[in-house]
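Observations on chain architecture
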Number of protein chains: 2
Amino acid sequence: MGTREQIVAAADRLFYEHGFEHTSFAAIAEAVRISRGNFYYHFKTKDEILAAVIASRVEATREMLRSWADESGDPAERIRLFIRIVVTNGPDIRAFGCPVGTLTAELAKLRHPSRPEATALFTLFRDWLGEQFTALGHETDADAMAMHVLTFSQGVATLANAFGDEDFVRREVDRLEAWLATC
Amino acid sequence: MGTREQIVAAADRLFYEHGFEHTSFAAIAEAVRISRGNFYYHFKTKDEILAAVIASRVEATREMLRSWADESGDPAERIRLFIRIVVTNGPDIRAFGCPVGTLTAELAKLRHPSRPEATALFTLFRDWLGEQFTALGHETDADAMAMHVLTFSQGVATLANAFGDEDFVRREVDRLEAWLATC
DNA sequence: TCACTCTTAGGACGGTCGTCCTAAAGGGGG
DNA sequence: CCCCCTTTAGGACGACCGTCCTAAGAGTGA
């Protein structure tokens, strides 16, 4: 893996664990074990590396959604795969929240120019979920149902992070899967 | 209003709008129109003022919950008052998210010592909602239902902040009120 | 071997941060 | 009127931030 990719990977993780603003150039450089000068060779500004991190997350998300589509032909099962992320990534979510939700919230408060790109990560999930609901025959309110599932995942992530309660996550997942079954 | 109270009020608002870390001593002092030296007379450290802001929010929340209890004797109607905060405070929530959710998320990433106190704000709502569900006759799963309502509000706040969509909020509120009616 | 480009290292810069100090202004009681 | 305690102002401090510069090392093709 090239230096640039290592920087993006380290920044991605540090932005997630400590937040964008709280993560310094020095911290990223130290994580990759390169000098700040070398860092500057690859990225001129902090905003530049944020843009690279977001682009990397977009690509990773696209890849994940594609793999879910491969994993199952049943749209309801695909939606369930999304619903269960909060269980699959339980430890990270309890420790740091949802990577998408916390980043968009932070960038909103910073009035950061890259905010729309971060929000686009939400749109990726929103559109994909909408497609699955459409495939289930809910053409007219597919988007509303997609947003409902997103609402669930963001609420669960925020409270799982606040309370660190694994059982709560399990209960809410069961509840939403029951709701999905009635659709 | 004394200087100290003005400082807490200004810091409260700035922490909400720009985040705790992004808000500097200088910014708060400027908002209150006092010198940084005067600021230091009232609060020695940034953590001290954060503690004061959280304490102030706890008191304000207690007062709000008390006023809701006065406003209606019906537990279901009281819960509805909570559910509708996302509408009542719509503009602020779309611009800055939920004050409790975004603060706890930020303090978690900063590993800040005051994190438990911020989480206690959630507990305030959680316990109050639990009491209302208990009064409705759901003793055994009152807490789970309270957490479900909190999940809703956090999810709605996060996505309202991301997409700025007022209609989405309305739809989710209607959905949860319908759920509440079936309880 | 030599020249050239890509990559790396390490320090300098101006600015802002949280913190702290000192001195003066304000204001009520003797 | 003067003393004393509270409150205010304003600047100094060391540390760290993002940014930028310069020079040396690494690798490649002629």
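Before going into details, it helps to say that this report is about the structure given with it. (Residues numbered from 1 in each chain as written. Chains lettered and ligands numbered in written order. Predicted model: local features only at pLDDT ≥ 70, side-chain atom pairs only at ≥ 80, totals over all residues. Heavy atoms only, no water.)

Below, the discussion takes up the nonpolar core. Counting residues in hydrophobic clusters, the biggest one holds 121 residues, and the most contacted among them are Ile28, Ile49, Phe82 and Phe133 of chain A together with Ile28, Ile49 and Phe82 of chain B. Those residues in contact with Ile28 of chain B, other than ones at most four positions away along the chain, are Ile7, Ala10, Ala11, Leu14, Phe15, Thr23, Phe39 and Ile49 of chain B. (Core = buried A, V, L, I, M, F, W, Y, C linked by side-chain atoms within 4.5 Å. Buried < 20%, exposed > 50% of the residue type's maximum accessible area, 1.4 Å probe, protein only. Contact = heavy atoms within 4.5 Å.)

A word on the side chain of His112 of chain B. Residues and elements named next belong to chain B. With respect to the helices and strands, the residue His112 is situated in the loop between α8 (99–110) and α9 (115–135). The class of His112 is buried, set by a relative accessible area of 9%. If near-sequence neighbours (up to four positions away) are discounted, His112 is found in contact with Phe20, Asp47, Leu50 and Leu107. (Helix = DSSP H or I, 4+ residues; strand = E, 2+ residues; numbered from the N terminus.)

As a further point, take the packing of aromatic side chains. What the rule picks out here adds up to 18 aromatic pairs over all chains. Aromatic pair Phe82 of chain A and Phe125 of chain A: ring centres 5.4 Å apart, planes at 55°, arrangement tilted. Linking Phe82 of chain A in helix α5 (residues 75–83) with Phe125 of chain A in helix α9 (residues 115–135), this pair joins segments that are 43 residues apart in sequence. One exposure class covers both Phe82 of chain A and Phe125 of chain A, and it is buried. Residues Phe122 of chain A and Phe163 of chain B carry aromatic rings whose centres are separated by 6.1 Å and whose planes lie at 45° to one another, so their mutual orientation is tilted. With Phe122 of chain A in helix α9 and Phe163 of chain B in helix α10 (residues 142–163), this residue pair bridges two chains. Arg126 of chain A extends its terminal NZ or CZ atom over the ring of Phe163 of chain B, reaching a point 4.7 Å from the ring centre. Lying over the aromatic face of Phe20 of chain B, Lys46 of chain B brings its terminal NZ or CZ to 4.7 Å of the ring centre. (Phe/Tyr/Trp six-rings, centres within 6.5 Å; stacked < 30°, edge-to-face > 60°. Lys NZ or Arg CZ within 6 Å of the ring centre and 35° of its normal.)

This brings us to the interface of chain B and chain A. At the junction of the two partners, chain B supplies 43 residues and chain A supplies 43 residues. Approximately 3500 Å² of surface area, both sides summed, lies buried where chain B meets chain A, with 57% of it carried by carbon and sulfur atoms. Summed over the three residues of chain B that lose the most area to chain A, namely Lys109, Thr151 and Phe163 of chain B, the buried surface amounts to 19% of that side. Linking chain B with chain A are zero salt bridges. (Buried area = accessible area lost by both parts, 1.4 Å probe. Salt bridge = Lys/Arg side-chain N within 4 Å of Asp/Glu carboxyl O.)

Moving on, we get to the relation of the copies chain B and chain A. Expressed as a screw transformation, the operator carrying chain B onto chain A has a rotation angle of 180° and an axial translation of 0.0 Å, and the superposed copies differ by an RMSD of 0.0 Å. Both copies of the chain, as the preceding transformation shows, are related through a two-fold rotation axis. Using C-alpha coordinates, one finds that chain B approaches the rotation axis most closely at Gly155 of chain B, a distance of 1.9 Å. Comparing contact sets, 100% of the residues at the interface of chain B also lie at the interface in chain A, consistent with an isologous, same-surface contact. (Least-squares fit on C-alpha atoms with pLDDT ≥ 70 in both.)

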